[in-house]
Amino acid sequence: MALLESVIQLKFSRTWTVIKLMFRSLKLAGPLIVLSSALEAAPEGHLFFEEKVRPILAEHCLKCHSEEKKIKGGLLLDRKAGWEKGGDSGTVIVPGKPDKSLLMHMVRREADYESMPPKSKLSDEEVAILGEWIAKGAPDPRDEAIGEQALDDGFDLEARKGWWSLQPVKKVAVPGVKNPEWARNDFDLFLLAKLDEKGWKPAEEAPAEQVFRRASVILTGLSPTPEDLTEFRADQEEGAYERAVDRLLASEHFGEQWARHWMDVVRYAETKAFEADYTMAYTWRYRDYLIRAFNEDVPFDQFTREAFAGDLLETSRLDPKTGFNESVIGPGFFLFTDGQHGPTDLHEDEARIFDGMIKTVGTAFHGLTIACARCHDHKFDAITDEDYYSLYGTLKSSRLHYANIAEAVWNDERQRQLEKAGAEVTKATLASARSQLGHLPKTIARVRALAASDELRKTRELLSKLKAPERTKKLAVIRRDLTEREGAEVATWFLYFAMENDQELKGLRHWLQHGKEIPKGEAIGPKFEYQWIASGAGFSSAEKGAFILNPDTPHVIVSGVGQGHVAGNLSARLDGTIRSQDFTLDGSPVEFWVKGKGAVAVLVIRNFELAGAGPTTSVLRKPINSDQWIKVRYPTTLWKGETAFLEVRHQGDLKTHLRGAQAPGSPSDLAWVAVSNSLPNWNEAWQGETLLDERIGNLLSRSDLSPAEHEVLGGLFSKGLLKVDQGDPAFAAMKALRQAIDPPVYVRSLVDGDEHHEPIYIRGSHKSLSKAPNPRHFLDGLGGDRLSETGSGRLAWAEKVLAPENPLTARVRANRIWARVFGRGIVGSVDDFGKMGELPSHPELLDFLARDFVEERWSTKKLLRKLLTSSAFRMSSVPDSLSAQLDPDNKLLQHMPIRRMDAESIRDHILASSGTLKNELYGRGVLPYVNDQPNSRAKPPTGPLDGEGRRSIYIQVRRNFLPSFLRAFDFPPSTEPVGQRPITTVPAQSLALLNHPLVHEQSRKWAERILKSEVSVEDRIKLLHRQAFAREARADEIIWAFGALGKFDVSVDQTAAWSSLCHLMMNRKEFLYVF
Amino acid sequence: MHRGSMGFGSLALAGLLDKEAQAAPQGRHFQPKAKSVIFLYMDGGVSHVDSFDPKPLLAKENGQKPKFEVEATVFNNNGNILKSPWEFKNYGESGIPVSDLFPYIGSCADDLAVIRSMTAFSANHPSANYSLHSGQILAGRPSMGAWASYGLGSENQDLPGYVVIHGGQVPSGGMPMTGSGFLPAAHQPSVLHPKGVVLRNISALEKKVGLQEDKLALLREIESKLTERRSDSDLINAAVKNYEMAYRMQMAVPEVTDVSKEPDHIKKMYGLEASYNNTRTYGAQCLMARRLVEKGVRFIELTINGGNGDRWDQHGGLRDGHQKNALAVDQPIGALIKDLKQRGLLDSTLIVFAGEFGRTPFAQGRDGRDHNPQGFSIWMAGGGIKGGTIYGATDEYGYHAIENKLTVHDLHANMLHLMGVDHTKQTFRYGGRDVRLTDVHGEIIPEIMA
């Protein structure tokens, strides 16, 4: 039946899709059986149709399903051939079988089916007629064929592939020009050639200091300081400007400015919007990663590889300063997703979130609108819905992972040393315990006597009435008394017997009570069959038995683990997360065994990140704090049929979303965790000797302990029943090694999960999946090659992005860089190289640029140096009147455009002028100032008005609370990728600069600074202009400023008057515009 | 064709950059019925079976296990059928039934078109809120108000085209849901507050009288030299000019939002003297809305005030919570309709009353109701709406819309239509598509049009 269904599905899919799918999965595609229409209807059936059925169709259906009106869902109901062909969802009528007919499910408005007609319900009688008609074999006399137009969905892949941006990057010769002397490099020649065509001349060269300010703002986001200006002026030699550009490129502020551009493209944000605006921990480390990457000029191909698959590279790129892993931070960009707690449909939620990721990937690296192919093939471009779901499958095969970048400084040699030290500590611990065996028989006898006496009953009674903390206090008193009376060992053993009841030490209690071993009994608990895959250095197999060792605790052995996997056994700082394979939930509870401290166990359904947050999903996240094995149990009735996997996070409290503005805590040195599919029968560990002390002696002497024996021994130590003397040097040695390990430094990244191929969602509905498989492949418009890799295929995807024959990547990246320098891209629509985008103004230049970029090993800085030292860049911003008229958008770049600084640069310039700006890079962001935003439950506490003097890039990007001052100047909403911000010019900006408290506060600080710096009024005015505009004040400006100070009553209140003048300076256009 | 200028959102110039060209108002496609829209956003989800969609069967089967299949809800703590604690009365000539929650609104029944077949795209507040505002269950998409501003701007140079009068309760999903998304930031709402500082950055901070005026004069003086020198640059000239507009707004906004000078009978009518604090707040919001309409503001959204027991979101304590919420909004809304009418403005002002979804006909816990996106009621009144109309229907329990089912796309399409905008033609190029507020959906409903 399944095969037949898929054949039917194939038959009714669009022909070319079928062919392509078959090609990709030859194994699955059987012979294409063409089913003839099942039952030949008797002619008298036609009468029934005409009298009863046709009126229903006419009244309720044909408005949307006829060639004359609309063809919704690809379905025609105005002719027999129409319903025979079916619609996008496949067959709608199975003649003779109303219950197998999609049409009937829909008109009956059954759950899980789309209701039809959508707006009104058919009467019961009408539904019955349709059912009867289908039961009769659906006789239908309307024998018109389907028109070609109705059959053609207009998608011709080959034709679409002819689009300019998909053609190979051409090797172009530099054009000839009339005045080659003007050009300083080849790019200039291309620009000049176009101007020559029009008969226009490039604008005059702008004054050097103006160009310098331009370069500074573009490269670092900062206007030159008076000191920068002095340095620039001091160099009077040939090439002074080029050297200034080099200084700017070498400035660490370069990375800040260019990181921010990329943050726009990948919709960087630190919170998840929706109701609670949860914080995603550690996202700021991605921002720092970008700053370092741009400062180090990481080649864009390497950068791209890291973005897609930094976790999968054979060799990771390391931070030269710390030795930490840089590459693994790259995939973090996928995860700037939004999120809500407790969605009722996790599949729908996944589809929404993945759509955002696909949109971002398409925009950032391909310059394509792949997300437009979610519901159908792209309306204009060579992008199929198979492409969309191919990427979907890739994402679905990837799992959110909190990676430890400090792990890169860990290595096999250190691991070996630590393991050796652990073995020595274990040996010393066991030896220390063995030395106590001599007095154990006496202790055991005494404890048994006490246990048989009234002492036991009294102690239990006394304590059972109390609650913590009284209970703890009382216990301490009892312990002290007992210790005085009986000695410490007897006290410990007796109180253990009286008060505690650990699973692995049942045999001990039995022995103390009955004087003999416990019956062997049955295997314990159910067995599960998860295949566990660990990520991170922390996890290792416990199949040969492991002790959780912590020489910084008195008992040294914290627990014993005899099976499964364990993390934190040698050091809590060796981090990891362990996950199961994917499985499908059948509605029954999901269970497994786990124990540990500070760990978290999550059932991840449909990649839902916020498990634990919402009302229904709170059951999916369990904190683990138990040294006893517990059976974690997740009810799953709400998610029957969904795919899921188990995930156990060592140091789990640190690997989670956070409420409000909370910061994650620090890694604990006490954390550990063990997971297992089964439990040992601990009772077995008590078999063999006739005396308890001999049994324990046996356990302490053997090197071939069984899993059960391991756990029992672990229990004896962890409860303090066996004492450890840490005199042996092995303990200090291990402590030192543990101390030398870097605590984990977390970033949000990905790991590969099971290989997954996502079917196509018909018309974008997650409830209507294609039955034909959709093997993962690279974009059809760029060859559509099958990506046969196991796991997620992200690395293979990255290689396709970077393949020499892929014409988009270098073009898109080089064009973005160009756009940042010249104000508009050669392709104006920097995010869209498809048909809805713009055509390149200089196609040859674009290819020359792209080729040069790749030949220069994808170096951003080299390209920028060329662009900024070109003659074009040094042009004045005053246009030629003819070109201004004929080319108002300045597409041909006759002159440099005037630009307004970005929101961040405006704020930074205000802080720099007032002397508030701190020269401090990196780190967790500053909370935004939100006192001017409405109060709500999710609102974070406000940050300081001046953002602690940090550059704007260090202000946290909280989606529900974007800084209003920045937003007024077009700071992006940070939910969707933005390659080029729209620059608006609105009165709200004037109001912000006139009335925002930040501006007033900083005006005052600036005034105080000026008053301290210089003595004469004229010098102060000159300094003010140098700080604001990076140029000398003109005579009229000095006069104006004197006049202003007079008007502000400078003689009455000097600071107030200068504050007002500074306020005016911030409101002058030249403060925030670059000419 | 009259093209309104854009007030706050204004770009005094078009054609600087492509993006900016798109920021200029697109204009109307046909004669509008409504010049302004007031969107009364009932945050949290009003229970339709307790307000505008009476279901006698709920009383009959009260306390019984639902006889229909119950779909997953947010809390999934679903109980038995819960009858409405309120009685319904038929109002006006049309006889539209309205529950005792809303006697004032009920008294305007003949002006209302009650839509009983609304549906939502999500059962979660944020997603449903996002889609009610933008048509998409996504954060960060442009809201209907932003689209209205983008399409039509403002009639008044000195006032914003799109205003949110914030009652105090930030909707679940955050204030950015009322934002401009990928539309130019010019179309962000100006968020007005009925108490305290009316609008961010609207008040001069200079304490000394005349100081700001002095500053502006000095600024004008020095900038005029720049604009002379760079007369070629529209960008610079527009940026300079904006200071004049900013100053005018600084005057106009406090003036238009100051309800204290309204006559006493009007204040009383809106509930400004009511004993319940939230009635006074919402009354002031409604009165501000009327004053803004008079000045030609295009799109005004009212968020409700907090402190009514979690918005309209009564997962428990339905009777108390809904009663308090209704007490806060009913009188002011009734007054708004009547006041607009007596001023002859109702015909040109579209009022929309809607939450993000309705509530279940069965109980959550003992005395609450969970979210019900499958069918609920909203109403429209005023500009271009046929009063006294009931459109669409839910099933006999009020669980699913079964007749003339509508989505937010349809709501938006009709709102734009009444404003003179063809929702299929108002587009913005984004992400490779000419995006519409209504995506590829939305149908005009002739039955509710006057």
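Cut-offs applied
- Residues numbered from 1 in each chain as written.
- Chains lettered and ligands numbered in written order.
- Predicted model: local features only at pLDDT ≥ 70, side-chain atom pairs only at ≥ 80, totals over all residues.
- Heavy atoms only, no water.
- Phe/Tyr/Trp six-rings, centres within 6.5 Å; stacked < 30°, edge-to-face > 60°.
- Helix = DSSP H or I, 4+ residues; strand = E, 2+ residues; numbered from the N terminus.
- Buried < 20%, exposed > 50% of the residue type's maximum accessible area, 1.4 Å probe, protein only.
- Lys NZ or Arg CZ within 6 Å of the ring centre and 35° of its normal.
- Axes fitted to C-alpha atoms, helices over the stretch in contact; angles between N-to-C directions.
- Parallel < 35°, antiparallel > 145°, perpendicular 65-115°, else oblique.
- Left-handed = near helix turned anticlockwise from the far one by under 90°.
- Contact = heavy atoms within 4.5 Å.
- Nonpolar A, V, L, I, M, F, W, Y, C, P; charged D, E, K, R; others polar.
- Salt bridge = Lys/Arg side-chain N within 4 Å of Asp/Glu carboxyl O.

Caption draft 1: Representation of the packing of aromatic side chains. By the definition in use, this model includes 56 aromatic pairs over all chains. Each ring, one from Tyr389(A) and one from Tyr761(A), has its centre 4.6 Å from the other, and the planes form 25°; the classification is stacked. Of this pair, Tyr389(A) sits in helix α17 (residues 385-396) while Tyr761(A) sits in the loop between β13 (746-752) and α27 (794-802), and the two are 372 residues apart along the sequence. With a centroid separation of 6.2 Å and an interplanar angle of 40°, the aromatic rings of Phe68(B) and Phe362(B) are classed as tilted. You can see Phe68(B) sitting in the loop between α2 (56-60) and β2 (78-81) and its partner Phe362(B) sitting in strand β11 (residues 362-364), a full 294 residues away along the chain. In this structure, Phe68(B) and Phe362(B) share a single accessibility class: buried. Over the face of the ring belonging to Tyr954(A) we find Arg950(A), whose NZ or CZ atom lies 4.2 Å from the ring centre. A cation sits over an aromatic face here: Arg1068(A) above Trp1040(A), 5.1 Å from the ring centre.

Caption draft 2: Layout of the packing of helix α4 (residues 125-134) of chain B against helix α11 (residues 408-418) of chain B. All names here are of chain B. At a minimum axis separation of 8 Å, α4 and α11 run at an interaxial angle of 30°. With respect to each other, α4 and α11 are oriented roughly parallel. In terms of crossing hand, the pair formed by α4 and α11 is right-handed. Within the contact between the two elements, α4 uses Ser 131, Leu 132, His 133 and Ser 134 and α11 uses Val 408, Leu 411 and His 412. Of the residues belonging to the contact of α4 with α11, the class tally is 3 nonpolar, 4 polar and no charged.

Caption draft 3: Looking closely at the pattern of salt bridges. With the rule as written, the count across this model stands at 111 salt bridges over all chains. Close ionic contact of Arg865(A) with Asp246(A) constitutes a salt bridge, the shortest N to O distance being 2.6 Å. Of the two residues, Arg865(A) sits in helix α30 (residues 860-868) while Asp246(A) sits in helix α12 (residues 240-250), which places them 619 residues apart along the sequence. The class of Arg865(A) is partly exposed, set by a relative accessible area of 32%. Close ionic contact of Arg907(A) with Asp908(A) constitutes a salt bridge, the shortest N to O distance being 3.5 Å. Each member of the pair, Arg907(A) together with Asp908(A), is buried. In the salt-bridge network here, residues are joined through shared partners; they are Arg1031(A), Arg1034(A), Asp1036(A), Glu1037(A), Arg1068(A), Glu1070(A) and Lys225(B).

Caption draft 4: Inspection of unusual backbone geometry at higher detail. Residue and element names in this part refer to chain A. Geometrically, the link from Met 116 to Pro 117 is a cis peptide bond, its omega value of -10° lying close to zero. Looking at the secondary structure, you find Pro 117 in the loop between α5 (102-107) and α6 (124-135). Positive phi outside glycine occurs at Leu 893, with the angle close to 55°. With respect to the helices and strands, the residue Leu 893 is situated in the loop between α31 (881-886) and β14 (899-900).

Read these as layout, nothing more, since geometry by itself doesn't imply function.
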